Amino acid sequence: MAAATGRSWWHSSAQRREALEGYLWISPWVIGFLLFALGPMIASLYLSFTEYKIGGSPVWLGLENYIRAFSQDKLFWPSLNRTAYFAIATVGLGTVGSLLAAILLNQNARGRNFFRALYYLPSLTPVVALAILWQWLLQPQVGFVNYALYQMGIDGPGWLTSRQWAVPSLILISLWAGIGGGRMIIFLAGLQGVPQELYESAELDGASTLQRFFNITLPMISPVILFNVILGVIGSFSVFALAYVATDGGPNYATYFFVLHLYYNAFSYFQMGYASALAWVFFLIIFILSFVQIKFSDRWVYYEFS
Amino acid sequence: MTTSKQSAPISFERERPAGKSAARYILGRRLSRVWLYTLLIVTGLAFGLPFFWTISSSLKSITEIYIFPPTMWPAEIRWKNYADVFTIAPFARFIWNTVIVTLLAMLGQILSAAVVAFGFTRFRFPGRESLFVLVLSTIMLPWQVTIVPQFLLFRYLGWINTYWPLIIPSYFGGGAFYIFLLRQFFLTIPKDLDEAAKLDGASNFRIFWNIVLPLSKAALATVAIFSFIGHWNEFFAPLIYLNSTDKFTISIGLRYFVSNPFESDEPREAILMAASLITALPVLILFFVAQKYFVQGIVTTGLKG
C-alpha cells in the first residue's frame, strides 16, 4: 500500500472496516507464523547461547556453543563438508538431468504422457520406502545393480556398506528420485512457454541447434532454472530421512550429514542449547546461499517482463 | 515476484501442429526418431526397472530371493509375503493411524490456506503486499531452525506421543505454497460476482463459502492432493513426536519394521519389499487418478513464483 495515499484512505471508516476484516481472514497465518516460525526462531536463537537440558532451566553460556561447534566438535566440519559435497552433486547433476529429461519429453514423440508419468513416479515414493528398496537394489551380493554390472564384467562395489561408496550411493538414489519430479515438470512448462517465433527467426538467420539452445532456450528459461536451483540447494542441504533410514549416518560416519548431527544432538543427547546453535548455523548457511544466488541472479537470469 | 502473462495453467495435453514443435528446434532435426525413442526407452527403464525389481522381489520365497544369479521373476509367486506384512507388525494399525492424521491435517491445510488466500485477494489493508512477501519467504525457511523450540512447546503442552503436533499446525495458515496457489486462483475469479452478491446482502463469509470455494474446486483438489501426499509421506515429525508403536504412522512404522529384528532370523527382504510397496501404493494410485492436477499445481507454484 502506498504510504502517500495511506492517511486519508485509512481514515475512512468503511475502508478501515475492510482492513480489519482482511486482517481477520489472514489471522490464522499470522498466528501460525508467530507460533511456529518467528517465535521458535527467536527462542532457538536464545537457546543457542545457553546450555539447556529438558526439565532443567537454560544456563547462559554466551558464545560457547558456537566456539564448540567451530573449533572443538570433531563431527561438525566433516558433516558440513559431506553435506556440501552431497548438495553440489545432487543439485548440479539433478538440475541438468531434469532439464535433459524435460527436453526429451518435449519432443513430439508418441507415448510421452506415459513416459512423463514413468519419470515422475520415483519422486512420489515415500522416502523410507525409497531407502529400503534401494538398500535391496544395491545389496552387494545379490542386488540388481551389482548383478547388472556383473553381466557387463564389472565387479560392483559394496555401495551403502562401503565407506567410499556410501555417499555416491545416496547421490544416486536422490537423483533417481529427483530427476523426474516437480523440477522436471517445471522445466517442461518453461520450455513450452518459449515463443515459437524466436526459434523460427533464429533459424532464418542460420543459427545452429546448439546456438539456438544456448541463445534462446537457456535465457528464456533462466528464471525457472534459478527457482529450481534455490529450492534444490535448500532441499539437498536438508538431507536427513534418506541417510537416516538407509545408512543411519554410517558406515563409520561416512554419510553423517549436518542435519543428522543436529537431530542426534537434539533428540538423542537432548542437548537443546547446542542443537539450537547448530540449527542457527544451518539457517545462516541456507540464508547466505539463497541470498547470494538471488543477488547474483541478475547477471544471468533474463526477465522478459521486468 | 515475477508474474508471467499466462493466465491459464499450461496444458501438457495440447498437441502442437506438425513440424512446429519447439523441442525439434532445441535439439535439432538431426536427432532422429530412432535416437529419440532409444533415449526415451533407456531412461524409462532406468526409472521403471527398480519398481519392477521391487515387485518381483516382494513375491519371492525366502530361498529364491537369495539365489545368484537372481531370477527376474519368481518361479513360484508367493502372495503370502503381503499377508505376512500385517501379521509380523501391526501394519494395519499404522495405516489406520496415517489415514486419520493425513485426513485431519489435509482438512486443516485446505480450509486454512483458502481462508488466508481469500483474505489476501478480497480485502485491501495496509501492509498487504509485504505480508504476502513474508508468506512466500517462509517457503525458504528450513524447518530445522524451528524444530527444537517447537518440540519444547509441544512437550510443554503435553502433546508428545499424540497426533496434535502433526495436525494442529496445519490449521494455522496451511503452508505458504498452498496459500500462494489458491491466491493465484482466486485472483482469476471475477470480482463482479462478489459485488453482485454483496448487493444482495451476502456477507463475506457467504461469498467465500458459496461463490469462491465452489468455483475453485480444481485448485482445492490440487491442494488436497499435494497435502495428502505430504502428510502420508511425512517422516520427521512422527519420528520425533510419536514414541509408542501403536501410535506409529506408516513411515516410521516401516522403519520400525526394518530396525526391529523378527523373532526368527529368516531373511525378510521379500516382506520388506511388500511393505514398502503397500506404503507407496495410495500415493501412486492417487497420481494415476489425478494426474492433471499434479501438473497444474506444480506449474502454478513453480512458474508463477
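To be clear, the structure that these remarks concern was listed above.
Residues numbered from 1 in each chain as written. Chains lettered and ligands numbered in written order. Predicted model: local features only at pLDDT ≥ 70, side-chain atom pairs only at ≥ 80, totals over all residues. Heavy atoms only, no water.

1. Observations regarding the overall build of chain A
Next, step 1: For chain A, the helix and strand inventory stands at 14 helices and two strands.
Next, step 2: At 25 Å, chain A has a C-alpha radius of gyration far larger than the 19 Å of a compact globule built from 306 residues.
Next, step 3: If you line up chain A on its principal axes, its C-alpha atoms span 60 × 60 × 30 Å.
Next, step 4: Scored against the burial criterion, the 306 residues of chain A give a buried share of 56%.
Next, step 5: Counting only contacts in chain A whose residues sit at least 6 apart along the sequence, the fraction spanning at least 24 positions is 64%.
Next, step 6: Accessible surface, chain A as shown: approximately 13,600 Å² in total, 65% of it carbon and sulfur.
Next, step 7: Each charge sign in chain A was given a centre, from 15 positive and 13 negative side chains, and these centres are 6 Å apart. (Helix = DSSP H or I, 4+ residues; strand = E, 2+ residues; numbered from the N terminus. Rg over C-alpha atoms; globule rule 2.2 N^0.38 Å. Buried < 20%, exposed > 50% of the residue type's maximum accessible area, 1.4 Å probe, protein only. Contact = heavy atoms within 4.5 Å. Areas by Shrake-Rupley, 256 points an atom, 1.4 Å probe, with all protein chains shown as cover. Lys, Arg positive; Asp, Glu negative; His and termini not counted. Charge placed at Lys NZ, Arg CZ, Asp CG, Glu CD.)

2. A few points about a nonpolar patch on the surface
Residue and element names in this part refer to chain B.
Next, step 1: Together, Trp-96, Ile-100, Leu-104, Leu-107, Leu-111, Tyr-171, Phe-205 and Trp-209 line one region of the surface with nonpolar side chains, adding up to about 760 Å² of accessible area.
Next, step 2: Within the residue set of the nonpolar patch, elements represented by two or more residues are α4 (91-122) and α10 (204-215).
Next, step 3: By residue number, the principal contributor to the nonpolar patch is α4, which donates five residues.
Next, step 4: Positionally, Ile-100 belongs in helix α4. (Patch = residues over 30% accessible without salt bridge, like charges linked within 9 Å, V, L, I, M, F, W, Y side chains within 5 Å. Salt bridge = Lys/Arg side-chain N within 4 Å of Asp/Glu carboxyl O.)

3. A closer look at the layout of surface pockets
Next, step 1: There is about 510 Å³ of room inside the second largest pocket.
Next, step 2: Residue lining of the second largest pocket: 21 residues in total, with Leu172(A), Trp176(A), Thr43(B), Ala46(B) and Phe47(B) positioned closest to the centre.
Next, step 3: Among the elements of the structure, α4 (76-105), α6 (127-137), α7 (144-151) and α8 (166-178) of chain A together with α2 (33-58) of chain B are those that each provide at least two residues to the lining of the second largest pocket.
Next, step 4: Among the residues making up the lining of the second largest pocket, the classes are represented as 19 nonpolar, two polar and no charged. (1 Å grid on protein atoms, 1.4 Å probe; cavity = no way out; pocket = protein on both sides within 12 Å on 5 of 7 lines; lining within 4 Å. Points joined across faces, edges and corners; volume = space filled by probe spheres on them. Nonpolar A, V, L, I, M, F, W, Y, C, P; charged D, E, K, R; others polar.)

4. Section: the interface of chain A and chain B
Next, step 1: Facing the 108 residues of chain A at the interface are 120 residues of chain B.
Next, step 2: Summing both sides of the interface, chain A and chain B together bury roughly 10,200 Å²; the carbon and sulfur share of this comes to 75%.
Next, step 3: Summed over the three residues of chain A that lose the most area to chain B, namely Trp25(A), Trp29(A) and Trp136(A), the buried surface amounts to 9% of that side.
Next, step 4: Counting every contact that joins chain A to chain B gives one salt bridge. (Buried area = accessible area lost by both parts, 1.4 Å probe.)

5. Some details on unusual backbone geometry
Note: most residues except glycine have negative phi, and most peptide bonds are trans.
Residue and element names in this part refer to chain A.
Next, step 1: Omega for the peptide link from Gly-250 to Pro-251 comes to -10°, which places this bond in the cis form.
Next, step 2: Tracing the sequence through the fold places Pro-251 in the loop between α12 (241-246) and α13 (258-267).
Next, step 3: In this structure, Asp-248 is a non-glycine residue whose phi angle is positive, near 50°.
Next, step 4: Structurally, Asp-248 is set in the loop between α12 and α13.
Next, step 5: Its identity as a non-glycine residue notwithstanding, Phe-270 has a phi of 50°, on the positive side.
Next, step 6: The residue Phe-270 is located in the loop between α13 and α14 (272-295) in this model.

6. Thoughts on the packing of helix α5 (residues 112-124) of chain A against helix α9 (residues 182-192) of chain A
Residue and element names in this part refer to chain A.
Next, step 1: Closest axis-to-axis distance for the α5/α9 pair is 9 Å, and the angle between their directions is 145°. Mapping the contact onto sequence places Arg-116, Tyr-119 and Tyr-120 in α5 and Gly-182, Met-184, Ile-185 and Leu-188 in α9.
Next, step 2: Looking at the contact of α5 with α9 residue by residue, the class counts come to five nonpolar, one polar and one charged. (Axes fitted to C-alpha atoms, helices over the stretch in contact; angles between N-to-C directions.)

7. What about the packing of helix α8 (residues 176-187) of chain B against helix α11 (residues 217-233) of chain B?
Residue and element names in this part refer to chain B.
Next, step 1: Remark: α8 packs on α11, axes separated minimally by 10 Å, with the N-to-C direction vectors making an angle of 170°. Relative to α11, α8 is oriented roughly antiparallel. As α8 packs across α11, the resulting crossing turns out to be right-handed. On α11, the residues touching Tyr-178, Leu-181, Leu-182 and Phe-185 of α8 are Ala-219, Leu-220, Thr-222, Val-223, Phe-226 and Ser-227.
Next, step 2: Its residues placed into classes, the contact of α8 with α11 shows eight nonpolar, two polar and no charged. (Parallel < 35°, antiparallel > 145°, perpendicular 65-115°, else oblique. Left-handed = near helix turned anticlockwise from the far one by under 90°.)

8. Some thoughts on the side chain of Thr146(B)
Next, step 1: Within the element layout of this structure, Thr146(B) appears in helix α6 (residues 144-156).
Next, step 2: In this view, Thr146(B) contacts Phe36(A), Ala37(A), Pro40(A), Met41(A) and Leu141(B); residues no more than four positions away in its chain are not counted.

9. As for the pattern of salt bridges
Next, step 1: In the structure shown here, the tally under the stated rule is six salt bridges over all chains.
Next, step 2: Glu18(A) serves as the salt-bridge partner of Arg124(B), at 3.2 Å between the closest nitrogen and oxygen. Pair noted here: Arg124(B) is in the loop between α4 and α5 (128-137) and Glu18(A) is in helix α2 (residues 13-47), and the two residues belong to different chains.
Next, step 3: The partly exposed category is assigned to Arg124(B), whose relative accessible area is 36%.
Next, step 4: Via salt bridges that share partners, Arg78(B), Lys80(B) and Asp84(B) belong to a single interconnected network.

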